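# Reading the structure
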Amino acid sequence: MPPSNYTYPAKKKERGRKDIATLDISQSLIDQAIQGNSESFETIVRLTQSGIYNLAFRILNNREEAQDATQEAFVKLYQALPSFRGEARFTSWFYRIATNVCLDCYRRNKKKRENTAPEYMEHLLLLLTSNGQNSNPEQIYQDKQKLLRLQKAIDELPVKYRTVIVLRHMEGFSYQEIAEIMQVPVQTVGTFLYRGKAVLLKKLNSSKEGGIRVERV
Amino acid sequence: MKECKWTHHDVTAYLDHQLSDLKEELLKQHLKTCNHCQQLREEYDELNHLLVQLPREPVPEDLTKNIMSTIQPLANLQKASIEETNQELSWWGFLLRGIPLLVSFSMIGVITWIIYLGQKYTWQETPLLVWQSITQMWNGFWSILHLAGNKFSQFFYTTWDTAFTLPERSTGPLLSKFNLLLTKATAYQKVIELTILAVVAWIIIALITAFISSRICFDHGEERI
Ligand SMILES: [Zn+2]
């Protein structure tokens with residue numbers, strides 16, 4: 001068990017991944033969208049849809065459902081937009097809406113839910129074979145296996161751990177922002193992340209010789 | 001490598017720079033000597049790298065289009081409600097809505113009054129009685145105004161009074177005609193004054209009624225956007 005006296009000071013250097021989380025939508029664009037300017041809203045859609053769709057896809061593991069959830073999230077956004085007062089960053093505010101939509105959708109269809117997303121696996125395989133021509137075949141094979149195992153392990157994670165990991169490592173949000181998005185204390189974010197990653201690590205290590213300890217390219 | 005006090009939680013938090021400065025420094029020092037924690041750190045670091053490497057799912061081609069078409073009906077609704085709000089707030093809008101109400105209310109009042117008088121006296125006498133009451137009320141109104149002795153209204157009254165009885169010394173074809181008109185008007189001064197004041201009073205009442213009625217009857221109770 002982690003010690004309970006954890007402190008999570010706000011740090012500057014903790015961005016995980018580039019784009020989505022660091023991207024911010026200007027207030028003037030938001031204002032225009034509130035005024036009913038559909039072009040401005042479309043701009044917001046174009047800027048944020050990839051992140052939201054990927055979040056939905058990661059939570060739901062299904063393309064169609066992810067697309068539906070993304071649309072629903074944007075409808076919710078459209079309705080909630082006039083109430084956006086800029087007290088939080090727009091992206092984290094919107095991600096909170098979207099995460100709620102996705103989790104609701106997940107719970108609604110929980111019974112008939114499959115664990116893996118076969119299409120994504122195919123897509124992943126395709127991507128991996130087209131990549132990395134300069135490494136040796138052995139390395140390529142190992143990388144591929146690692147990522148496939150990781151993907152499988154992620155699919156099997158409990159949804160709350162998966163969501164936190166996606167927000168942190170794929171969308172690049174800070175602990176503080178994830179806490180706002182998921183409406184849990186910052187400590188809980190830390191706990192979810194560590195537990196989720198511990199499970200991933202365990203699965204990666206147990207499923208193949210030598211675990212994931214392969215020298216980096 | 002016995003159980004040391006640092007946990008998986010510490011190591012992941014360390015890699016995400018979520019430890020306090022003191023703890024971060026302590027763990028950094030510890031990592032130099034503890035193989036177990038070093039290995040953990042490497043494994044979690046590797047995992048973080050792998051997670052970032054996972055390809056993003058490409059957005060379906062028609063996603064934007066689909067989203068926008070889902071939004072469209074909502075946008076139309078919103079536009080309509082904005083227009084409605086504007087209409088509700090427009091001065092003319094509520095005047096036009098208020099006047100019919102006022103007219104019908106005054107008609108009902110007048111008719112009731114006439115019927116009342118017709119029943120009390122005779123139908124032949126009624127028009128005269130109505131006229132008498134109007135003049136009575138009118139005089140009463142003026143006497144109250146005079147009684148109030150408002151200097152402001154006095155000022156207005158005298159100014160307009162002198163305006164109607166302009167100096168006769170001015171001559172010239174146009175001016176004389178104008179003067180003639182004024183003299184004629186002076187003859188009907190009481191009537192004109194009465195009419196003007198009645199119209200003004202009516203407009204004021206119309207405005208008040210229109211305002212109140214538009215609040216009561218036409219307020220949709222919707223928040224302005
Ligand atoms: Zn140690």
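Residues numbered from 1 in each chain as written. Chains lettered and ligands numbered in written order. Predicted model: local features only at pLDDT ≥ 70, side-chain atom pairs only at ≥ 80, totals over all residues. Heavy atoms only, no water.

Going by what an unreviewed UniProt entry lists, chain B is known as Anti-sigma-W factor RsiW and is assigned to Desulforamulus aeronauticus DSM 10349. Recorded in UniProt for chain B, the comment headed Sequence similarities (unreviewed entry) runs: "Belongs to the zinc-associated anti-sigma factor (ZAS) superfamily. Anti-sigma-W factor family." (UniProt positions renumbered as here; feature names shortened; annotations may be inferred.)

Under an unreviewed UniProt entry, the name given to chain A is RNA polymerase sigma-70 factor, ECF subfamily, and the source organism is Desulforamulus aeronauticus DSM 10349. In its Sequence similarities (unreviewed entry) section, UniProt records this for chain A: "Belongs to the sigma-70 factor family. ECF subfamily."

Each helix and strand counted, chain B has nine helices and zero strands in total. Taking all 225 residues of chain B together, the buried fraction comes to 28%. Relative to all contacts within chain B whose residues are 6 or more apart in sequence, the contacts with residues 24 or more apart total 55%. When the accessible surface of chain B is split by element, carbon and sulfur atoms take 67% of a total near 15,700 Å². (Helix = DSSP H or I, 4+ residues; strand = E, 2+ residues; numbered from the N terminus. Buried < 20%, exposed > 50% of the residue type's maximum accessible area, 1.4 Å probe, protein only. Contact = heavy atoms within 4.5 Å. Areas by Shrake-Rupley, 256 points an atom, 1.4 Å probe, with all protein chains shown as cover.)

This part covers the interface of chain B and chain A. If you look at the interface, chain B gives 46 residues, while chain A gives 66 residues. Around 5,300 Å² of area is buried between chain B and chain A when both sides are counted, 59% of it from carbon and sulfur atoms. Where chain B packs against chain A, one counts five salt bridges. Among the ionic pairs, R56(B) bridges to E171(A), the shortest N-O distance being 3.2 Å. There are nine residue pairs in polar contact (both at pLDDT 80 or more) connecting chain B and chain A. If you list the elements that add at least two residues to the side of chain B that touches chain A, you get α1 (8-15), α2 (21-33), α3 (35-53) and α4 (63-89) of chain B. (Buried area = accessible area lost by both parts, 1.4 Å probe. Salt bridge = Lys/Arg side-chain N within 4 Å of Asp/Glu carboxyl O. Polar contact = N/O pair within 3.5 Å; in protein donor to acceptor, adjacent residues only side chain to side chain.)

Per the UniProt annotation, the sites labelled "domain: Putative zinc-finger" (unreviewed entry) are residues 4-38 of chain B. Structurally, residues 4-38 of chain B is divided into 71% helix and 0% strand, and its ends, taken at the C-alpha atoms, are 12 Å apart.

Residues and elements named next belong to chain B. For chain B, the mean per-residue pLDDT works out to 78, and 75% of the residues sit at or above 70. Ranking the elements of chain B by mean pLDDT puts helix α7 (residues 151-164) last, at 69, and α2 first, at 93. Across residues 219-225, confidence stays below pLDDT 50; counting only partners more than four residues off in sequence or on other chains, it has ten contacts. Across the interfaces of the predicted complex, the ipTM metric reaches 0.78, alongside a pTM of 0.61. (pLDDT = per-residue confidence, 0-100.)

In this section: unusual backbone geometry. With glycine set apart, most residues show a phi of negative sign, and most peptide bonds adopt trans. Residue and element names in this part refer to chain A. With a phi angle near 60 degrees, N61 is a residue other than glycine that sits in the positive phi range. By the secondary structure assignment, N61 is in the loop between α3 (38-60) and α4 (63-80). For Q183, which is not glycine, the phi dihedral falls at a positive 55 degrees. Relative to the elements of secondary structure, Q183 occurs in the loop between α9 (175-182) and α10 (186-207). On the basis of relative accessibility, which here comes to 52%, the residue Q183 falls in the exposed class.

Residue and element names in this part refer to chain B. A cluster of nonpolar side chains, contributed by V103, M107, V110, I111, I114, I115, W123, V199, W202 and I203, occupies part of the molecular surface with about 880 Å² of accessible area. Those elements that provide at least two residues to the nonpolar patch are α5 (91-120) and α9 (189-218). Take the nonpolar patch: its biggest share by element is six residues, from α5. Relative to the helices and strands, M107 is located in helix α5. (Patch = residues over 30% accessible without salt bridge, like charges linked within 9 Å, V, L, I, M, F, W, Y side chains within 5 Å.)

With numbering matched to this structure, UniProt assigns "transmembrane region" (unreviewed entry) to residues 94-116 and 191-212 of chain B. Here residues 191-212 of chain B runs as 100% helix and 0% strand, with 31 Å between its end C-alpha atoms.

Turning to the packing of helix α8 (residues 159-170) of chain A against α3(B), a few remarks are in order. Between α8(A) and α3(B), the shortest axis-to-axis distance is 9 Å and the interhelical angle comes to 85 degrees. As the angle between them shows, α8(A) and α3(B) are arranged roughly perpendicular. Residues I165(A), H169(A) and M170(A) of α8(A) pack against N48(B), L51(B) and V52(B) of α3(B). Per-class residue counts for the contact of α8(A) with α3(B) are four nonpolar, two polar and no charged. (Axes fitted to C-alpha atoms, helices over the stretch in contact; angles between N-to-C directions. Parallel < 35°, antiparallel > 145°, perpendicular 65-115°, else oblique. Nonpolar A, V, L, I, M, F, W, Y, C, P; charged D, E, K, R; others polar.)

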